[in-house]
Amino acid sequence: MTESDRLSARKSDAVARGVGTRGIYAVRAENAELWDAEGRRFIDFAAGIAVNNTGHRHPKVMKAVAEQAQAFTHTCFHVAPYEGYIALAERLNAATPGDFAKKTMLVTTGAEAVENAIKMARAFTGRSGVISFSGAFHGRTLLGMALTGKVAPYKKGFGAMPPEVVHAPFPNALHGVTEAEALAQLERLFASSVDPERIAAMIIEPVQGEGGFTIAPFNFLRALREICDRYGIVLIADEVQAGMARTGRMFGFEHSGVAPDLVTMAKGLAGGFPLSAVTGRADIVDAPNPGGLGGTYAGNPLAVAAAHAVLDVIKDEALCARADEIGEVIRARLTQIAARQGMECIGEVRGLGAMNALELVTDRESNGPDAALTAAIVAEAEARGLILLSCGTRYNVIRLLPPLTIPMEQLQEALDIIEVSIEAAVTKQAA
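The following paragraphs examine the structure supplied in this document.

Criteria and cut-off values
- Residues numbered from 1 in each chain as written.
- Predicted model: local features only at pLDDT ≥ 70, side-chain atom pairs only at ≥ 80, totals over all residues.
- Heavy atoms only, no water.
- Buried < 20%, exposed > 50% of the residue type's maximum accessible area, 1.4 Å probe, protein only.
- Helix = DSSP H or I, 4+ residues; strand = E, 2+ residues; numbered from the N terminus.
- Pairing = 2+ DSSP bridges.
- Right-handed = clockwise from strand over helix to strand, strands pointing away.
- Axes fitted to C-alpha atoms, helices over the stretch in contact; angles between N-to-C directions.
- Phe/Tyr/Trp six-rings, centres within 6.5 Å; stacked < 30°, edge-to-face > 60°.
- Lys NZ or Arg CZ within 6 Å of the ring centre and 35° of its normal.
- Disulfide = S-S within 2.5 Å.
- Core = buried A, V, L, I, M, F, W, Y, C linked by side-chain atoms within 4.5 Å.
- 1 Å grid on protein atoms, 1.4 Å probe; cavity = no way out; pocket = protein on both sides within 12 Å on 5 of 7 lines; lining within 4 Å.
- Points joined across faces, edges and corners; volume = space filled by probe spheres on them.
- Nonpolar A, V, L, I, M, F, W, Y, C, P; charged D, E, K, R; others polar.
- Parallel < 35°, antiparallel > 145°, perpendicular 65-115°, else oblique.
- Left-handed = near helix turned anticlockwise from the far one by under 90°.
- Contact = heavy atoms within 4.5 Å.
- Expected span 1.5 Å × (residues − 1).
- Arc of directions from axis to C-beta.
- Salt bridge = Lys/Arg side-chain N within 4 Å of Asp/Glu carboxyl O.

Let's shift gears to the pairing of strand β7 (residues 199-204). Taking burial as the measure, the six residues of β7 include six buried ones, the bulk of the element. The pairing of β7 with strand β8 (residues 234-238) spans four bridges and is parallel. Pairing of methionine 202 across the sheet is with leucine 235, part of β8. The β-α-β motif built from β7, the intervening helix α8 (residues 218-231) and the parallel element β8 has right-handed crossover chirality.

Now for the sheet that holds strand β12 (residues 355-360). Taken in spatial order, the four strands make up an open sheet running β11-β12-β15-β14, and their pairing is antiparallel. Every other strand in the sheet has two partners, leaving β11 (346-352) and β14 (389-391) as the edge strands with one partner each. Adjacent strand axes in the sheet meet at a mean angle of 25 degrees, parallel and antiparallel pairs treated alike. For β11 and β12, the ladder comprises six bridges, and the chain directions are antiparallel. Paired with isoleucine 346 across the bridge in β12 is leucine 360.

Let us now look at the packing of aromatic side chains. Considering all chains together, one arrives at eight aromatic pairs under this definition. Ring plane angle 85 degrees and centroid distance 5.4 Å describe the contact between phenylalanine 77 and tyrosine 82, whose orientation is recorded as edge-to-face. According to the relative accessible area criterion, phenylalanine 77 is partly exposed, its value standing at 21%. The class of tyrosine 82 is buried, set by a relative accessible area of 9%. Ring centres 5.2 Å apart and planes at 65 degrees place the aromatic pair phenylalanine 190 and tyrosine 231 in the edge-to-face group. Pair noted here: phenylalanine 190 is in helix α7 (residues 179-192) and tyrosine 231 is in helix α8, with a separation of 41 residues, a long-range link. Note on phenylalanine 190: relative accessible area 9%, which makes it buried. Taken together, the aromatic side chains of Phe72, Phe77, Tyr82 and Tyr85 make up a single cluster linked through ring pairs. Stacked on the ring of tryptophan 35, the Lys or Arg arginine 28 has its end atom at 3.9 Å from the ring centre. Over the aromatic face of phenylalanine 100 sits the side chain of arginine 281, whose NZ or CZ is 3.8 Å from the ring centroid.

Inspection of the secondary structure puts alanine 71 in helix α3 (residues 59-71). The exposure class assigned to alanine 71 is exposed, which follows from its relative accessible area of 56%.

On inspection of all chains with the given rule, the structure shows zero disulfides. The structure places no disulfide on cysteine 391, whose sulfur is separated from the nearest cysteine sulfur, that of cysteine 345, by 16 Å.

Judged by nonpolar contacts, the single largest core of 87 residues is most densely connected at Phe45, Leu262, Leu275, Leu386, Leu388, Ile418 and Ile422. Here the element with the most residues in this core is helix α10 (residues 301-316); it accounts for 11 residues.

A separate point is empty space enclosed by the protein. Unfilled space is identified by rolling a water-sized probe across the atoms. Per the stated rule, a full pass over the model turns up one cavity of 30 Å³ or more. What lines the largest cavity is Thr96, Pro97, Phe100, Lys102, Pro260, Asp261, Val263, Thr279 and Gly280. Residues that form the lining of the largest cavity fall into these classes: four nonpolar, three polar and two charged.

Turning our attention to the packing of α3 against α10. Their axes nearest at 8 Å, the elements α3 and α10 cross at an angle of 150 degrees. Considering the angle they form, α3 stands roughly antiparallel to α10. Every pair of crossing elements has a handedness; the one defined by α3 and α10 is right-handed. Taken together, the residues of α10 that come into contact with α3 (itself represented by Lys60, Val61, Ala64, Val65, Gln68 and Ala69) are Pro301, Leu302, Ala305, Ala306, Ala309, Val310, Val313 and Asp316.

What follows deals with helix α11 (residues 319-338). Here α11 spans 28 Å end to end across 20 residues, near enough to the 28 Å set by a 1.5 Å rise per residue. Those residues of α11 lying buried are Leu319, Arg322, Ala323, Ile326, Gly327, Ile330, Arg333, Leu334, Ile337 and Ala338. Each buried residue of α11 sits inside an arc of 140 degrees when the element is viewed along its axis, so together they form one side. For α11, the exposed residues set more than 90 degrees away from the buried face come down to Glu328 and Gln336. Each element contacted by the buried residues of α11 is listed here: α10, β11, β12, β15 (397-400) and α13 (408-430).

Moving on, we get to the pattern of salt bridges. One pass over the structure, following the stated rule, counts 28 salt bridges. As a salt-bridge pair, arginine 57 and glutamate 30 come within 2.6 Å of each other at their nearest N and O atoms. Here glutamate 30 lies in strand β1 (residues 26-30) and arginine 57 lies in the loop between α2 (47-50) and α3, a separation of 27 residues in the sequence. Of the charged contacts in the structure, one is a salt bridge between arginine 41 and glutamate 33, with a shortest N-O distance of 2.8 Å. On the basis of relative accessible area, arginine 41 is assigned to the partly exposed category, the value being 30%.

These values are about where atoms sit, not about what they do.
See the structure below:
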C-alpha cells in the first residue's frame, strides 16, 4: 500500500462519510504547487476552492500570522477586543462598493457570513422572506441549504428546509433562460406566490460558484437593484467565491456599477485562514441588538492578521490586473481548443477575470450535459499533475481557479495538461 492508500483507509474508518474528499493527501504546498504523500507534484487549479488567491503560504501572510502569534492567538472579541479587528473593519468598509456609511462584522465561514447578513436584513426590515436564485450556493448550514439552489448533494436527505425562502430563476442563455425571462418570472413570483413587501432580502452571487461559474449579466444586477429599491428589499451580494480580486475587481458586483446593501465575503479574505465578513450599510448592519451577532472564534486574531496581509498583497502586487491577465490567457486557450475538430463536447467557455470554466455537453445543438466526460477530464488531469474541480447543477462544468500569483510558465503548463486531458478523455469516450 502507498501512504495515500493508508491515509485513505484511515479516513474511511475515522471521518464522516458525508465529508467528501479527493484522493490527493497534501503534505506541502507553495504558491501554485502542492505535493502529496507520495511526493507527487501538482499544479493547484483549485486553490482551496478560491481560498488561496494569494497562493499557498504567501510570505507576507505567513509573516503577519507569525508576528500576531507572538502577541496573542485568541481572546474572543466579545471579551477582550483588539485593534486588528477594528482596523480590518475600516479597510473593508472602504473597499466594498457604495458611497455610503458602512460597518462590518467578522465571523469564521462563508455560511456564517450569509446567515448573519440575513439576520441583519430581517432585523432592519421587520420582514422574514428571502429570495435566492436557482443554481446558487450559500452554504451547508440549515439556512444556507435553504438558500442554495442545488439539491444534490447539499439538500438531499436533510428533510424540510426553513420556510419563507423562495428561489427565482438565474439567467443562463446557454440553458434557455434569458435575462428578460428571468426578470419576468421574478415579477410573476411577486404577483402569484409571495408579497414583495414580506421580502427582507434578495441574495445573489455575481458569478455563481457551485452553480457552474455562470456570470450574472450586469444589466440583470442593475435591474435587481432597482427592484429592491422599489420594494424596500435588502440586496445582498454573496462574494464568498467571487470576491478578493478573483474576477479582476476586488468584488464581482463592481462590474455592474451598482452597489449592494450588504456584501458577504470569506474564502480569499485571509489567504488560507478561516475568516469571513459582512460589510454594508451602517443602518442595516446595526439593526440587530448588541449580542445578537458574533461568535467565539469570530474575527480570530491570526486570521485577521492574515487578512490585513492579503489586502496588502492584492494592492502591492496588482492582483486585480493580474486576474484579468490570467483570465485572458485561459479563455484564449480554451476557446482555441473548443474550435478544433472533434471538440464539439465543449459547449461553452466562460469567465470573468480569473474565475473561468468550460461546460461539457453531449452535443452543441441540444447542450445536453456530459457529466461522465467532465469527471473523466478531471481524472485525466489529476493523473498528469493538475488539480481541477467540477461544479454545476448538471455536474458538467470544470472550473479553473489558479492562485492569482501563479507564475506564467506554470499557467501554461497547466493549460497544456488540460488540453491533453480533454483529448485523452474524448478519445476514450469514443472508443
